[in-house]
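# Observations on the three-dimensional arrangement
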Amino acid sequence: QQQQQQQQQQQQQPKQQQSRRRWYSLALALAAVAVAVTLAMSVTAGHGAAGDGRICGADGEDGAGACPSEPQEERTNGGVPVRQWSAAARERALRERTPVVFENAPSDAWLAHRVLTNPRALEEVVGPDTPVQVYRGESNRVLYHKPEMPLAKATEWHQPYEKIMVPARHLVESLVNGKAPDGSYYYHSQPPIKEFQPLIGDIEPFSVRHESNDEFTAKVQTHVWAGCANMSARVHYDTYFNFYVQVLGRKRFVLLPPEEWQRMRLFPAMHPSGRQSQSDIFERPPGGPEPFDVVLEPGQVLFLPPYWFHQVDAVDVSLSINVWTDSLDQHLEHFCSYRCIPGMQDEGLAPLEKVAGVFKLLGLLMRELPTLLEGVRGVLDTQYAVMGADKDPDQQCSMLQSPVPSRLDAEVRETATMIASRFREMHSEAVRQIAFSNLVQTAAYWAVGFELVQFLTCVEQLGDGRLDQPVLD
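So, how was this worked out
- Residues numbered from 1 in each chain as written.
- Predicted model: local features only at pLDDT ≥ 70, side-chain atom pairs only at ≥ 80, totals over all residues.
- Heavy atoms only, no water.
- 1 Å grid on protein atoms, 1.4 Å probe; cavity = no way out; pocket = protein on both sides within 12 Å on 5 of 7 lines; lining within 4 Å.
- Points joined across faces, edges and corners; volume = space filled by probe spheres on them.
- Helix = DSSP H or I, 4+ residues; strand = E, 2+ residues; numbered from the N terminus.
- Nonpolar A, V, L, I, M, F, W, Y, C, P; charged D, E, K, R; others polar.
- Salt bridge = Lys/Arg side-chain N within 4 Å of Asp/Glu carboxyl O.
- Buried < 20%, exposed > 50% of the residue type's maximum accessible area, 1.4 Å probe, protein only.
- Axes fitted to C-alpha atoms, helices over the stretch in contact; angles between N-to-C directions.
- Left-handed = near helix turned anticlockwise from the far one by under 90°.
- Contact = heavy atoms within 4.5 Å.
- Pairing = 2+ DSSP bridges.
- Phe/Tyr/Trp six-rings, centres within 6.5 Å; stacked < 30°, edge-to-face > 60°.
- Lys NZ or Arg CZ within 6 Å of the ring centre and 35° of its normal.

Right, let's talk about empty space enclosed by the protein for a bit. Gaps left between atoms are located by rolling a probe of water-molecule size over the structure's atoms. Here the structure, examined in full by the defined rule, presents 4 cavities of 30 Å³ or more. Computed from the structure, the largest cavity encloses a volume of approximately 90 Å³. Lining the largest cavity are Leu122, Val126, Val132, Ala168, Leu171, His188, Gln190, Pro192, Ile193, Phe196 and Val224. Going through the elements one at a time, helix H4 (120-126), helix H5 (168-177) and strand E7 (185-190) are the ones with two or more residues in the lining of the largest cavity.

The next point concerns the layout of surface pockets. For the largest pocket, the calculated volume is near 1,100 Å³. Together, 48 residues line the largest pocket, and Lys146, Asp238, Tyr240, Gly274 and Arg275 are the ones closest to its centre. Here the lining of the largest pocket is composed, by residue class, of 20 nonpolar, 23 polar and 5 charged.

On to the pattern of salt bridges. Inspection of the entire model under this criterion finds 25 salt bridges. Here Asp129 and Arg169 are joined by a salt bridge, their closest N and O atoms 2.0 Å apart. Of this pair, Asp129 sits in the loop between H4 and strand E4 (131-137) while Arg169 sits in helix H5, placing them 40 residues apart in sequence. Judged by its relative accessible area of 32%, Arg169 falls in the partly exposed class. Close ionic contact of Arg141 with Asp313 constitutes a salt bridge, the shortest N to O distance being 4.0 Å. Here Arg141, found in strand E5 (residues 141-142), pairs with Asp313, found in strand E14 (residues 309-314); they are 172 residues apart in sequence, far enough to count as distant. Salt bridges sharing common partners tie together Arg136, Glu138, Glu162 and Asp182.

Axis separation between helix H7 (residues 351-368) and helix H11 (residues 452-463) bottoms out at 10 Å; the angle between their running directions is 35 degrees. Read as a crossing pair, H7 and H11 show a hand that is right-handed. In contact with Val355, Val358, Phe359, Leu362, Gly363 and Met366 of H7, H11 contributes Phe455, Cys458, Val459, Leu462 and Gly463. Of the residues assigned to the contact of H7 with H11, the class counts are 9 nonpolar, 2 polar and no charged.

Spatial strand order, E5-E9-E14-E11-E12: 5 strands in an open sheet with mixed pairing. Each having just a single partner strand, E5 and strand E12 (292-296) make up the two edges of the open sheet. Pairing of strand E9 (residues 232-237) with E14, which is carried by 4 bridges, proceeds in the antiparallel orientation. Each residue of the ladder has a partner; that of Ala233, found in E14, is Val312.

The tally for this structure, following the rule as stated, stands at 16 aromatic pairs. Relative to Phe309, the ring of Tyr237 lies with its centre 5.6 Å away and its plane at 80 degrees, an arrangement referred to as edge-to-face. With a gap of 72 residues between them, Tyr237 in strand E9 and Phe309 in strand E14 connect regions that are remote in the sequence. Neither residue differs from the other here; Tyr237 and Phe309 are each classed as buried. Ring geometry for Phe359 versus Phe455: centroids 5.9 Å apart, planes at 75 degrees, classification edge-to-face. Note that Phe359 is positioned in helix H7 and Phe455 in helix H11, a separation of 96 residues in sequence. For the pair shown, Phe359 and Phe455 are each scored as buried. Stacked on the ring of Trp446, the Lys or Arg Lys354 has its end atom at 4.9 Å from the ring centre. Residue placement shows Arg422 over the ring face of Phe335; its charged tip is 4.5 Å from the ring centre.

Geometric descriptors of this kind do not, in isolation, establish any biological role.
Printed below as a string of structure tokens:
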């Protein structure tokens, strides 16, 4: 019996082993399927399938790069987006015309970032006795000025800063100690002198040339800025594209878009401090958006589009380098303001003919582009108070409505059509209004000199429809 039982067990063992092998193989197969399913789900969830059937992130022709992950909130600096530099990010900033803070920009390779690690290094680089240009003043609040502007003679305005040359060591002392040896404030602002130029590398990535055409070639220039902590530049706008590279210390930029121009209480266009505000950026009338408030760190680059308002404050001892490129809007404004006034070169015009011609030109422009009236409305109330000038609501404008001589009339009409076409090329309505405001003031000064307040009052009445307009027919 024992032998029979042993024989039966021996006969059953191969069957049991065969059964176990079958179960083991099945388990392996199931495990392989489970792994495959898991991997497939991982690919789909982690990389995703493109809408056209491509597996994002896969190798090969149809898998160039990973699919976008879940959208992440963009990092900001005082409300301004912070982006990593790339050609695409640069083009996006230029297209959108809004400020951007860039990191890992091409300027990281500039020697300035490795050499200018403290204020004393500036003296070592350029030499202690090398003359440098500074603005010297009794205040740490910089108000730029052009003493040659016409309205300097018509106001009780005094030059707040003088532009002088000093040894580099005096500038460095003012940076380190907060004041110059004579107790005044120095603010360095000029194109890089030859001793400084080796510290600046390739500026081409910061040049903006896409607006150039047969009539307009954009010029590119670099500028160096240095000042002690708490130095401040009054809010103003520039007409350039601006890539601002922070090298040493931190700088604060308070920014507002061009659409805020009527609330900025600018100086008159022909004033020595034109394009700047008569007050602090936080003192403007209520309403409008909150300003962006950016603190730029060393190595970061701020892109600032043309006509954006900015007030700049040095948080620390600061040194910066920026790259400016002329904008097409700037070219169009200057072209119209200084080259398109009819009869400007005609010395034979009688004073009344000159006045009537300019008055008709401005009226035709406002009839062609009605929104340009905003470039005049309110300007007298906000900008010309600095001159102690009040507009007269009962101003008699009949003299300005004199007929335009036939020899000038055709030129006036042709010029109005041409200027209107140039204004339509400008980037935005706000830029058009700013440019028209400057054009009206330039034309008024050319036509009537220091009596331009009365002239501008009549232009506003003409645009508002408060004057009969046979002059335009």
